[in-house]
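# Residue-level structure breakdown
The chain contents come next:
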Amino acid sequence: MNLKFIGTFTWYYGFRSIPRGPSYIISSIMYPLVFLFLITIFSAGKFIDYAVVGGFISIIGMNAIYSSSDIAFQRLQLKTQDLFVATSISSTDYMLAMAFSYLATSTPGIAVYAVIGLLLGLFTALNALALVVLLLLVLFGITSISFLVSGMIKHVRNVWGIAGILGVLLTVLPPVFYPYTILPKPLLYVFMISPVTPAAVLAQAAFGLGPFAPYAIAVLLVEIVVYTAIAKYTNHWREK
Amino acid sequence: MIEVRALEKRYSDGNYALRKVSFRLDKRVTAIIGRNGAGKTTLMRILSTQLEQTSGKATIDGYDTLKDADKVRRIVVSIPQEASPIGYLTPMEHLKMYLVARGIPLAEAAKRSVKALKTLEMADAADTPTDMLSGGMKRKVFVAMALASDADMVFLDEPTTGLDPLSRFEVWSAIKELKGRIILTTHYMEEAAELAEDVIMMEAGKIMQRGTVEQLLDKFKGMVRAETNDSRRSHSFSVGNTYIKYIRIGESEKYVKQGYSIKKITLDDLFISRGVAIES
């Protein structure tokens, strides 16, 4: 693993993009903030804690799923991926570099939510730690899905549309902004296909917002392993 | 040295991009010329380990591009066709990122980047986001990557496609600064003439002709191109509604009277004649 490459790429592609492309960062915060606003208004403040905890997961999930459009754009249009194939880095290095870059672009949003969470007195050392771990797992899981999807995109025209659809399906519909317990069980199990769902279930439990569901840990870990393996072995790193 | 034996690439739709191509390259600069779809990019992508062949073998300095891809990747730099820099990153950042990907330590990468950008007269643009640079400068960012990498072998796939003449000239000057062996594809004949010692002409996945520019043009010695738009006139080749015949220089006057216009032979005539032997 080329950690220096992952670090350098993350620094330039992730952090440097923040001051140079602030609109992207603002748009990635907009969705969760709008949901936070609407949920707070419609629930008369009752679900605000869900919306804040879910906001963290949503920012990471959305940024990671939108990376599919960037990954596909870089492969199809900029040819960045081809450039890197003929170097010493592997597809895993590239995937991790992308994942951490999107973590970097998520930091302003995370900071905003951290401030809101602190103001609401939501955090303890334990739930904060649990949230960090869950966010990292969501990042890796969704980035793997992004790689998988981006490899299937053949035309640049479809790049943003597909990311938009997946963004809603994988990060908005799951019980991120509302209690997972109100979902009918079969629907909850369907939503489990997105790593965001088990992460949200576990986050709600960690913050005392819902019952602990141990099976969600297994689901999340299995999904990370499976999605990463599929992404690694089916991606178009060296084409056949 | 590059050695290619019976290299074949067949896609899942049954189309062949390369058909049993064999050659050996040992010159410093080789140009692979051919029309779109001739198989140039496929060949370059296989040689630079970005694409796997269906059959046949390719070796670079003795290393198999399939079995020893990691070793090949240490030798080669490959600049893909129509590669574009990431708009909000600067040339300096691109170079450092690329050199680190090649395993060069960051401090050394920074030093080499400064030197390469200076050599290519890009020092003033080193910290400018690339989406603010001209087309020629954007391409030079990739040539600078190759230069800074100090690679033994550089593959440049259509390095000047779409550039205006001045930008193309800028990129040519940059390419001339590269130290290692260069294999470039182009469909600009004057580019091959300007840069390459050895020219390979491809058509429909096969090698049609090979040699120096002079050798390739030898069959046109003492000849000119007679063109007309009248399809009823005698002609050997046609491109769109232009009908072409190769004639002896001494016959020019006769053909002008018949309504032909006479043009000097250029490397474009290799494309027009598509490797067919010319008979006056």
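Residues numbered from 1 in each chain as written. Chains lettered and ligands numbered in written order. Predicted model: local features only at pLDDT ≥ 70, side-chain atom pairs only at ≥ 80, totals over all residues.

### A short note on the overall build of chain B
For chain B, the helix and strand inventory stands at 10 helices and 14 strands. Projected onto the principal axes, the alpha-carbon positions of chain B cover approximately 70 × 45 × 35 Å. Counting across all 280 residues of chain B, residues that qualify as buried make up 45%. (Helix = DSSP H or I, 4+ residues; strand = E, 2+ residues; numbered from the N terminus. Buried ≥ 20, exposed ≤ 12 C-beta atoms within 10 Å, placed from the backbone.)

### Focus on the interface of chain B and chain A
Each partner contributes residues to the interface: chain B has 25 residues there, and chain A has 25 residues. Put simply, the parts of the chain that give the side of chain B that touches chain A at least two residues each are β6 (76–79) and α3 (91–101) of chain B. Counting residues per element, the side of chain B that touches chain A draws most heavily on α3 of chain B, at 5 residues. When grouped by side-chain class, the residues that make up the side of chain B that touches chain A number 13 nonpolar, 6 polar and 6 charged. (Contact = placed C-beta atoms within 7 Å. Nonpolar A, V, L, I, M, F, W, Y, C, P; charged D, E, K, R; others polar.)

### Some remarks on the sheet that holds strand β13 (residues 242–248) of chain B
Sheet strands pair by backbone hydrogen bonding; their relative direction is either parallel or antiparallel. All names here are of chain B. Pairing is antiparallel across the open sheet formed by 4 strands, whose spatial order is β12-β13-β11-β14. Two strands close off the open sheet at either side, each with one partner strand: β12 (237–239) and β14 (261–263). When strand polarity is set aside, the average angle formed by the axes of neighbouring strands in this sheet is 35 degrees. Across 6 bridges, the pairing between strand β11 (residues 223–228) and β13 is antiparallel. Pairing of Arg225 across the sheet is with Tyr246, part of β13. (Pairing = 2+ DSSP bridges. Axes fitted to C-alpha atoms, helices over the stretch in contact; angles between N-to-C directions.)

### Topic: the confidence of the model for chain B
On average, residues of chain B carry a pLDDT of 90, and 98% of them reach 70 or more. Quick note on the complex model: pTM equals 0.85, ipTM equals 0.85. (pLDDT = per-residue confidence, 0-100.)

### Looking at the nonpolar core
Within the largest apolar cluster, 145 residues are counted, with the highest numbers of intra-cluster contacts made by Ala99, Ala199 and Ala203 of chain A together with Ala144 and Ala146 of chain B. A per-element tally of this core places helix α4 (residues 48–78) of chain A first, with 14 residues. Apart from the residues within four sequence positions on either side, Ala99 of chain A is in contact with Ala64, Leu139, Phe140 and Thr143 of chain A. (Core = buried A, V, L, I, M, F, W, Y, C linked by C-beta atoms within 7 Å.)

### So, the domain arrangement of chain B
All names here are of chain B. When its domains are assigned, chain B resolves into domain 1 (2–211) and domain 2 (221–273). A C-alpha centroid distance of 35 Å is found between domain 1 and domain 2. On the domain 2 side, the residues contacting the 7 residues of domain 1 number 5 residues. Residue contributions to the side of domain 1 that touches domain 2 peak at 4 residues, all from helix α7 (residues 189–195). (Domains from an automatic or database assignment.)

### Quick look at the packing of helix α1 (residues 3–15) of chain A against α3 of chain B
Two elements in contact, α1 of chain A and α3 of chain B, have axes whose closest approach is 8 Å; the angle formed by their N-to-C orientations is 160 degrees. Overall, the two elements α1 of chain A and α3 of chain B adopt an arrangement that is roughly antiparallel. Two packed elements cross with a definite hand, and for α1 of chain A against α3 of chain B that hand is left-handed. Of α3 of chain B, the residues touching α1 of chain A (which contributes Lys4, Phe5, Thr8, Phe9 and Tyr12 of chain A) are Glu93, Lys96, Met97, Val100 and Ala101 of chain B. Here the residues of the contact of α1 of chain A with α3 of chain B are counted per class, giving 6 nonpolar, 1 polar and 3 charged. (Parallel < 35°, antiparallel > 145°, perpendicular 65-115°, else oblique. Left-handed = near helix turned anticlockwise from the far one by under 90°.)

### Some thoughts on unusual backbone geometry
A positive phi is found at Lys79 of chain A, a non-glycine position, where the angle reads about 65 degrees. When you line up the elements, Lys79 of chain A lands in the loop between α4 and α5 (80–85). Phi is positive for Glu121 of chain B, which is not a glycine, with a value near 55 degrees. The topology assignment puts Glu121 of chain B in the loop between α4 (106–119) and α5 (135–149).

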